Amino acid sequence: MIFQNSLEFALALDVEDPLKKYRDDFYFPIVNNKEVIYFTGNSLGLQPKSTKKFVDEIMEDWKNLAVDGHFYAEKSWWDYHELLAAPLSKVVGASVEEISVMNSLTINLHLLMVSFYRPNGKRYKILCEEKAFPSDQYMLQSQVRFHGYNPDDAIIEVKKRPGEHHWRMEDVIAKIEEVGDELALVLMGGVNYYNGQVFDMESITAAGHAQGAFVGWDLAHAAGNIHLELHDWKVDFAAWCSYKYMNSGPGNASAIFVHENHLNDNNIPRFEGWWGTKKESRFKMKPYFESIGTADSWQNSNPPVLALAPYLASLLMFEEVGMPQLIKKRALIVAYLEFILKEISQELNASFEIITPEERGCQLSVFLHGEGKSLHNYLLENGVITDWIEPNVIRLAPAPFYCSYEDMYRFGQILKEGILK
Ligand SMILES: *Cc1c(COP(=O)(O)O)cnc(C)c1O
C-alpha cells in the first residue's frame, strides 16, 4: 500500500478498518477535552467498558450468596479460572489443558523454574538475551544462587553486535550450540520489551532441545500481540502477564503454558497446593496430592476471582475478534506509523532512528537523536501517552484493538510541532 501523511488518507484507512467499532468499547483518558493518543498498550492496556460488569457480578454474588458463590453463582468461583483457559489457549496456540491462570508473572516464572531448571552435573547453565527485563534477570540470578551456582558463570547472555540494536538469530543459535551439553535451560523474552524484537521461538526452541535443554519463554510482550503456536513449537513452558496487550488491569493475574509432554510426568518436581489436585476429590481433604493432570497442577491456591473477572471480560473480546484480525490490523497500523515517522524525520531533517528490526509486533522503539525529555513532556501535555527511556528512546505501541489510523496522523503532527517548538 502507498501511504500518505494526510488526515484524509488516515480517515480513509479508518473507514476500511474492520476493527474500528472496538475503539468505542474502551475507556480513554481525556487530556485537553480530547481522548488521548495511547501508545502504551504494551505497558498497561486500556480498560474495556465491559470489565465493570464482570467485576460487579462477583461483588453481587458475594453479597447475595456468600460462601455458596463457590458452587452456586452463575459463574461458580471454584472453577472460574477454567473459563479463561479456553479463550487463552487460542491466543497462544495451545490446548486448553496446557493453560492455567494464576498468581503474577515473576512468581509464575519462579514456580516454573522449580520444574524446568534442574541443574545436574555439568548441565547447569541458563541462556537468555542480554539486558532482559530486570525482573527476569533478578529471577534468574536468584534461582541460580538458590541452586548454589554463581550467576556470572551460570547465566549466559546472548549479546547484540557492537553498534547494532537487535539480536541476530544466528548469534542466538551459535551461543546455544557453544554452551552445548552445559545448557540446562533457555529462557528468553519472546518479544523484547526494549527494542520490540520478535524472536523466532520455534527455531530457538528446537536449537535448545537439540542440546538437551528445556526451553521456556516469557511472553509478557507477546501474548495478545503476535502469532503464537506454543504447542506446535514444542515449547516446554511459558508465562505472561495480562495487563499489557491483554487489557486485564494493573498488576493482574498471569497465565502459564506447560506443554502436554510434561503434564503426565508424575516425577516432575513442582511446588504444589490443593488447587492442583483432581476436581472430584479436591474437597475430600485427602492427605496427599493427586495431580489434576493439566497445567492447573501448578495452581497452588484457590484463585483471586475478583482479579480474574476483568481478565475474562477482556478474553471474551479476544475470542470475538480473534488473533488473525488483530495481527492484520497491527501490521498495517505499525507500518503506517513507521511511514509517518520517516516522513517527518525527512521533512524536518531530524534524525529518528527506529531500532526495532523487521521482526516486530506492535511496538516501534525510536531513538530521537538530538531531542530531550522536554519533547516527551510536550507530547504528554498534548495528549500523546508514550513512554520515555533514558537517554532518548520512546516506545510506541499502537494496540490494534483501540488505536486508529487518525491517531497515527495526529501523533505525527504533534511530534512535528514539538520538535519545531
Ligand atoms: C512486564 C514484564 C514483567 C512484569 O513482571 P510482573 O511479575 O508482572 O511484575 C516481567 N517480565 C517481562 C519480560 C515483562 O515485560
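Reading guide: rules and limits
Per chain, residues are indexed from 1 in the order of the written sequence. In view of the model being predicted, local features appear only for residues whose pLDDT reaches at least 70, and side-chain atom pairs are presented and counted only at 80 or more, with totals across whole chains, interfaces and linings using the full set of residues. Side-chain numbers come from the whole structure's heavy atoms, not from hydrogens or water. Only protein chains enter the accessibility calculation, which uses a 1.4 Å probe; a residue whose area is less than 20% of its type maximum is buried, one above 50% is exposed, and one in between is partly exposed. For helices the rule is a DSSP run of H or I covering at least 4 residues; for strands it is a run of E covering at least 2, with both sets numbered from the N terminus onward. Pairs of strands are assigned from DSSP output, requiring at least two bridges between the strands. Each axis is a line fitted through C-alpha atoms, taken for helices only over the stretch in contact, and angles between the N-to-C directions span 0 to 180 degrees. Residue contacts are counted whenever heavy atoms from the two residues lie within 4.5 Å of one another. Two N or O atoms form a polar contact when they lie within 3.5 Å of each other; inside protein one atom must be a possible hydrogen donor and the other a possible acceptor, and for residues adjacent in sequence the pair counts only when both atoms belong to side chains. Any residue with at least one heavy atom within 4 Å of a molecule or strand is counted as near it. Areas reported here follow the Shrake-Rupley algorithm with a probe of radius 1.4 Å; residue values treat only the protein chains shown as occluding. Gly falls in the polar group here, along with every residue not listed as nonpolar (Ala, Val, Leu, Ile, Met, Phe, Trp, Tyr, Cys, Pro) or charged (Asp, Glu, Lys, Arg). Domain start and stop points were drawn from an automatic or database domain assignment. A simple way to read buried area is as the amount of 1.4 Å-probe accessible surface that goes missing from two parts once joined, with both sides added. Throughout this description, the term salt bridge denotes a Lys or Arg side-chain nitrogen within 4 Å of a carboxyl oxygen of Asp or Glu. Throughout, the protein atoms alone are placed on a 1 Å grid, and a set of points is a cavity if a 1.4 Å probe fits but cannot get out or a pocket if it is open with protein on both sides within 12 Å along at least five of seven lines; lining residues have an atom within 4 Å of a point. Grid points are joined across faces, edges and corners, and a volume is the space filled by probe spheres set on the points. Each nonpolar core is a collection of buried residues, namely Ala, Val, Leu, Ile, Met, Phe, Trp, Tyr and Cys, held together in the definition by side-chain atoms within 4.5 Å. The directions from the helix axis to the C-beta atoms are what the arc is built from.

## Some words on the pairing of strand E7 (residues 125-129)
Part 1 of the reasoning: The element E7 is largely enclosed, with a buried count of five among its five residues.
Part 2 of the reasoning: Sheet topology note: the E7/strand E9 (residues 183-189) ladder contains three bridges and is parallel. When the sheet's bridge partners are listed, Leu127 is paired in E9 with Val186.
Part 3 of the reasoning: As judged from the four bridges shared by E7 and strand E8 (residues 155-158), these two strands associate in the parallel manner. If you follow Ile126 over to E8, its bridge partner there is Ile155.

## A word on the sheet that holds strand E12 (residues 254-258)
Part 1 of the reasoning: Here seven strands make up an open sheet; going across it, the order is E6-E12-E11-E10-E9-E7-E8 and the pairing mixed. Strands with a single pairing partner mark the edges of an open sheet, and in this sheet they are strand E6 (99-102) and E8. Between one strand and the next, the sheet's axes are offset by a mean angle of 20 degrees, whatever the strand orientation.
Part 2 of the reasoning: With five bridges joining them, E9 and strand E10 (residues 214-218) adopt parallel strand pairing. Bridging across to E10, Gly189 finds its partner in Asp218.
Part 3 of the reasoning: Sheet strands touched by helix H5 (residues 105-116): E6, E7, E9, E10, strand E11 (237-241) and E12. Its angle to E11, the strand with the most contacts, is close to 170 degrees.
Part 4 of the reasoning: Of the strands in this sheet, E7, E8 and E9 touch helix H8 (residues 169-179), which is tilted by about 155 degrees from E8.

## Digging into the side chain of Ser248
Part 1 of the reasoning: You can see Ser248 is positioned in the loop between E11 and E12.
Part 2 of the reasoning: Among the polar contacts listed, one links the side chain of Ser248 to the side chain of Ser242, at a separation of 2.5 Å.
Part 3 of the reasoning: The contact partners of Ser248, leaving out residues within four places of it in the chain, are Ser242, Tyr243, Pro310 and Tyr311.

## Let's talk about the site of the ligand
Part 1 of the reasoning: Taken together, the residues surrounding the ligand are Leu105, Thr106, Phe133, Asp136, Asp218, Ala220, His221, Tyr243 and Lys244.
Part 2 of the reasoning: Within the side chain of Asp136, a nitrogen or oxygen atom sits 2.7 Å from a nitrogen atom of the ligand.
Part 3 of the reasoning: Within the side chain of Tyr243, a nitrogen or oxygen atom sits 2.5 Å from an oxygen atom of the ligand.
Part 4 of the reasoning: Look at the ligand: alone it shows 390 Å² of surface, and the protein chains cover 82% of it.
Part 5 of the reasoning: Along the lines of polarity and charge, the residues of the shell around the ligand split into four nonpolar, two polar and three charged.

## Brief notes about the domain arrangement of the chain
Part 1 of the reasoning: The domain boundaries assigned to the chain delineate domain 1 (7-42 + 322-420) and domain 2 (53-321).
Part 2 of the reasoning: Between the C-alpha centres of domain 1 and domain 2 the distance comes to 30 Å.
Part 3 of the reasoning: Between domain 1 and domain 2, the residue contacts involve 30 residues of the former and 22 residues of the latter.
Part 4 of the reasoning: Summing the contributions of domain 1 and of domain 2, the shared interface buries around 2,300 Å²; its carbon and sulfur component is 60%.
Part 5 of the reasoning: The largest contributions to the domain 1 side of the interface with domain 2 come from Met323, Ile355 and Phe401, which together make up 22% of the buried area.
Part 6 of the reasoning: There are one salt bridge connecting domain 1 and domain 2.
Part 7 of the reasoning: Note that Glu320 is salt-bridged to Lys21, the shortest N-O span being 3.8 Å.

## Some remarks on empty space enclosed by the protein
Part 1 of the reasoning: According to the stated counting rule, one finds two cavities of 30 Å³ or more in the structure shown.
Part 2 of the reasoning: Counted as a void, the largest cavity has a volume near 50 Å³.
Part 3 of the reasoning: Lining the largest cavity we find Gly224, Tyr245, Asn247, Phe318, Leu326, Ala399, Pro400, Phe401 and Tyr402.
Part 4 of the reasoning: Counted by class, the lining of the largest cavity contains seven nonpolar, two polar and no charged residues.
Part 5 of the reasoning: Each of domain 1 (7-42 + 322-420) and domain 2 (53-321) gives at least three residues to the lining of the largest cavity.
Part 6 of the reasoning: In this structure, the second largest cavity encloses a volume near 30 Å³.
Part 7 of the reasoning: Going through the elements one at a time, E7, helix H6 (134-146) and E9 are the ones with two or more residues in the lining of the second largest cavity.

## Points about the nonpolar core
Part 1 of the reasoning: Residues Trp217, Trp240, Tyr311, Tyr336 and Phe411 are the most contacted members of the largest nonpolar core, which totals 101 residues.
Part 2 of the reasoning: Split by domain, the residues of this core number at least three in each of domain 1 (7-42 + 322-420) and domain 2 (53-321).
Part 3 of the reasoning: Once residues lying within four places of it in the same chain are set aside, the contact partners of Tyr336 are Phe3, Gln4, Asn5, Ser6, Phe9, Ala10, Leu13, Tyr405, Met408 and Tyr409.
Part 4 of the reasoning: Leu140, Val144, Ala220 and Ile268 belong to the second-largest nonpolar core, a separate cluster that totals 29 residues.

## Focus: the sheet that holds strand E14 (residues 364-369)
Part 1 of the reasoning: The antiparallel open sheet is built from four strands, whose spatial order is E13-E14-E17-E16. Every other strand in the sheet has two partners, leaving strand E13 (351-354) and strand E16 (387-389) as the edge strands with one partner each. The average angle at which neighbouring strand axes cross in this sheet is 30 degrees, direction not considered.
Part 2 of the reasoning: One ladder, built from four bridges, connects E14 with strand E17 (residues 393-396); its direction is antiparallel. Across the sheet, the residue bridging to Ser365 is Arg395, located in E17.

## Quick word on helix H9 (residues 201-210)
Part 1 of the reasoning: By the burial criterion, the buried members of H9 are Met201, Ile204, Thr205, Ala207 and Gly208. The buried residues of H9 all sit within an arc of 160 degrees when viewed along its axis, so they share a single face.
Part 2 of the reasoning: Residues of H9 that are buried sit in contact with H8, E9 and E10.
Part 3 of the reasoning: The positive-phi residue at the C-terminal boundary of H9 is Gly212, with phi of around 80 degrees.

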